[in-house]
Amino acid sequence: MADTARVSQPFVELVLASHVATLEELPEMVAGHVSAAGLRHVVFFLVDLQETVLREVTGHGPDAGRGGLELRIDGTLPGLAYQRVDLVAEPNRTAEGLRRWWAPITDGVERLGVVRADTPGDDEETRYALRALSSVMALLLLSKRSFSDSYARLVRTAPMNVAAEMQWNLTPPPAFAGHDVTIGAVSEPAYEIGGDAFDYAVADTTLHLGIFDAMGHDATAGLTANVAVAACRNARRQGADLAGTSRKVEEALVGQFGTSRYATGIIADLDLDTGRLSWVNRGHHLPVLVRTGRWWQQLQCPPAGPMGTDLGLPITVCHEQLQPGDRIVLYTDGITEARDTEGREFGLDRFVEFVLRHHSGRLTLHETLRRLVHAVLEHHADRLDDDATVLLAEWRGGHQQELTP
Amino acid sequence: MHDDRDAPHPPPETHERPEPPETLSVEVRPLSGGRLLLVLVGELDHHSADLVTGEVRSALEAGAAAVLLDLSGVSFIDSTGVTRLLLAHRTARAAGGRLALIAPSGPVRRLLSLTGIDRVLACHPTPDAVPPGPGAGREPRSGG
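Residues numbered from 1 in each chain as written. Chains lettered and ligands numbered in written order. Predicted model: local features only at pLDDT ≥ 70, side-chain atom pairs only at ≥ 80, totals over all residues.

- By the naming in an unreviewed UniProt entry, chain B is Anti-sigma factor antagonist, taken from Streptomyces glaucosporus.
- Turning to chain B, the UniProt record has this under Sequence similarities (unreviewed entry): "Belongs to the anti-sigma-factor antagonist family." (UniProt positions renumbered as here; feature names shortened; annotations may be inferred.)

- By the naming in an unreviewed UniProt entry, chain A is PP2C family protein-serine/threonine phosphatase, taken from Streptomyces glaucosporus.

1. Examining helix α6 (residues 162-170) of chain A
All names here are of chain A.
Logical step 1: Buried within α6 are the following residues: Ala 163, Ala 164 and Gln 167. Take α6 and look down its axis: the buried residues cluster within an arc of 95°, on one side only. α6 presents Val 162 and Asn 169 as exposed residues on the side facing more than 90 degrees away from its buried surface.
Logical step 2: Buried-residue contacts for α6 involve β8 (181-188), β9 (196-203) and α7 (219-237). (Buried ≥ 20, exposed ≤ 12 C-beta atoms within 10 Å, placed from the backbone. Helix = DSSP H or I, 4+ residues; strand = E, 2+ residues; numbered from the N terminus. Arc of directions from axis to C-beta. Contact = placed C-beta atoms within 7 Å.)

2. Topic: the sheet that holds strand β11 (residues 263-271) of chain A
Residues and elements named next belong to chain A.
Logical step 1: If you trace the five strands from one edge of the open sheet to the other, you get β9-β10-β11-β12-β15, paired in antiparallel fashion. The open sheet has two edge strands, β9 and β15 (318-321), and neither has a second partner. Across the sheet, the mean angle separating the axes of adjacent strands is 15° when strand polarity is ignored.
Logical step 2: Where β9 and strand β10 (residues 206-214) come together, eight bridges link them in antiparallel fashion. Pairing of Tyr 200 across the sheet is with Leu 209, part of β10.
Logical step 3: Against the sheet, helix α8 (residues 242-257) contacts β11 and β12 (276-282), and its axis sits at roughly 30° relative to β12. (Pairing = 2+ DSSP bridges. Axes fitted to C-alpha atoms, helices over the stretch in contact; angles between N-to-C directions.)

3. Here we look at the domain arrangement of chain A
Residue and element names in this part refer to chain A.
Logical step 1: For chain A, the domain assignment lists domain 1 (4-154) and domain 2 (162-402).
Logical step 2: In this complex, domain 1 contributes nine residues to the contact, which on the side of domain 2 involves 11 residues.
Logical step 3: Looking at the side of domain 1 that touches domain 2 residue by residue, the class counts come to three nonpolar, three polar and three charged. (Domains from an automatic or database assignment. Nonpolar A, V, L, I, M, F, W, Y, C, P; charged D, E, K, R; others polar.)

4. Thoughts on the pairing of strand β4 (residues 98-102) of chain B
Residues and elements named next belong to chain B.
Logical step 1: With five of five residues buried, β4 lies mostly within the body of the structure.
Logical step 2: Note: strand β3 (residues 66-77) against β4, five bridges, orientation parallel. Residue pairing across strands places Asp 70 opposite Ile 102, the latter belonging to β4.
Logical step 3: Chirality of the crossover, the property in question, places the unit of β3, helix α2 (residues 79-94) and β4 among those that are right-handed. (Right-handed = clockwise from strand over helix to strand, strands pointing away.)

5. Re unusual backbone geometry
With the exception of glycine, most residues fall at negative phi, and the peptide bonds are largely trans.
Residues and elements named next belong to chain A.
Logical step 1: Cis geometry marks the peptide bond from Glu 188 to Pro 189, where omega comes out at 0°.
Logical step 2: With respect to the helices and strands, Pro 189 occurs in the loop between β8 and β9.
Logical step 3: Unlike most non-glycine residues, Ala 64 shows phi in positive territory, near 55°.
Logical step 4: Its 26 C-beta neighbours within 10 Å are what place Ala 64 among the buried residues.
Logical step 5: The backbone phi angle of Arg 396 is positive, close to 50°, even though this residue is not glycine.
Logical step 6: Relative to the helices and strands, Arg 396 resides in the segment after β17 (388-395).

6. Considering the nonpolar core
Logical step 1: Formed by 111 residues in total, the largest nonpolar core has its most connected members in A:Ala228, A:Val329, A:Val390, A:Ala393, B:Val67, B:Leu68 and B:Leu69.
Logical step 2: The biggest single contributor to this core is α7(A), with eight residues.
Logical step 3: Sequence-distant contacts of A:Ala393, that is, excluding residues within four places in its chain, are made with A:Val181, A:Ile183, A:Leu207, A:Leu209, A:Leu270, A:Arg327 and A:Ile328.
Logical step 4: The next biggest cluster of nonpolar side chains, apart from the first, holds 41 residues, and it includes A:Leu39, A:Val47, A:Trp101 and A:Val155. (Core = buried A, V, L, I, M, F, W, Y, C linked by C-beta atoms within 7 Å.)

Below, the structure written as structure tokens:
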């Protein structure tokens, strides 16, 4: 039986000490505290925005990573720990005779990187300490991320444009789980995104979902998306219903840009107790419903015109009853219309097949999305001409325990 | 959706910006009854869409009662193209004239139908199929 109280104490002290630390101070602080829990030589790595590499946080330099290692996610042991969201031990012991472990850093939903630690044993107590390290590291890093430029620098592998800088501050975290629903989202091109945005939030037993595609690819497209998402949140937080929310978005866009700029979008509410999905279609690609097994369909709802065109079309609220395990996929056309060098589209069928194939295996929803977007990028020779965004919500899938190591 | 096929990144201000290649041609054909047919061939996007707005405006200023846009030869349309079609539609209405779309190609039809704009911009198979007088292409208004 693991002595959890003894193992836990160093983590409590680490949390208490961490409040007044910068990201740069964490490597030393973490290593210093958790050795009392039997974890030696602790080193941690952050994942880049496109989830391709893991970069060591050394605490030195403007990106807090000077002199650090960079590891690829595909084809490495640390990458395996990240992909599987599981503890992975290296086959051989270290020169000191210790077991070397890799653990994903996750708050139970979002994967921030991996942490490495050496331990004398590999008993249950060791694993308990490693899981605690994974979880505490995630919370510490999240508490530092919002004010750390070194964090922002370390996780970028290319220069970012202004529109993308806005989008990364606009959208909620790319992963969420709670109340029996799991959400994952990805946007590309990560460093040059123009007008795509997604949004989600929970209020009581309602999950709000939204996807937006503002016209253009420039900074004005980013502004359009920002106005749309802000107006959407503002309206729903004041109690507006779906149709009313989309009208408020329209008003905000027309007020700002006349009718020269628009955003298409889907705005939806999912009742987490009953599984009833309600949604409005503002001239956007129709959501896809993926049901357990090999079945999927596009949901239908008459388009009420893009928000910002002021067409005055009637807005229809459509409904769909979900079953446990159903996944709702909202996406923008950059995903399905990405073309390869011979002009062939990635296509809706291939997109949905990808989700079906990978998600029916043992991958988490978030790892499925990571691979999907890499497949889309690869299809397009790593150079998308259009923004590509996916927002996936799984209701009562029963997979939430797989999100932690 | 909606985009810009090339050069998402403008070069720095200090450099000469290359002129985008001409991607759209517009042929003007007068029809009977004060109607004017504009035949568009090529890509209707952010590079070329202003050309259409200008032609429609000139036609209305010259007294055309109806401007018909033949879109059968439009191989690509982006969101800017769509907003310019809506602008042309509104300009025509404000001038007391009208705008009709003739035989839109697959890509145009798909985008208009996806967004719901086909409920506002009337499409007809041929110029002769456009009913005379105002009424076609009516823009519905709902109270909000």
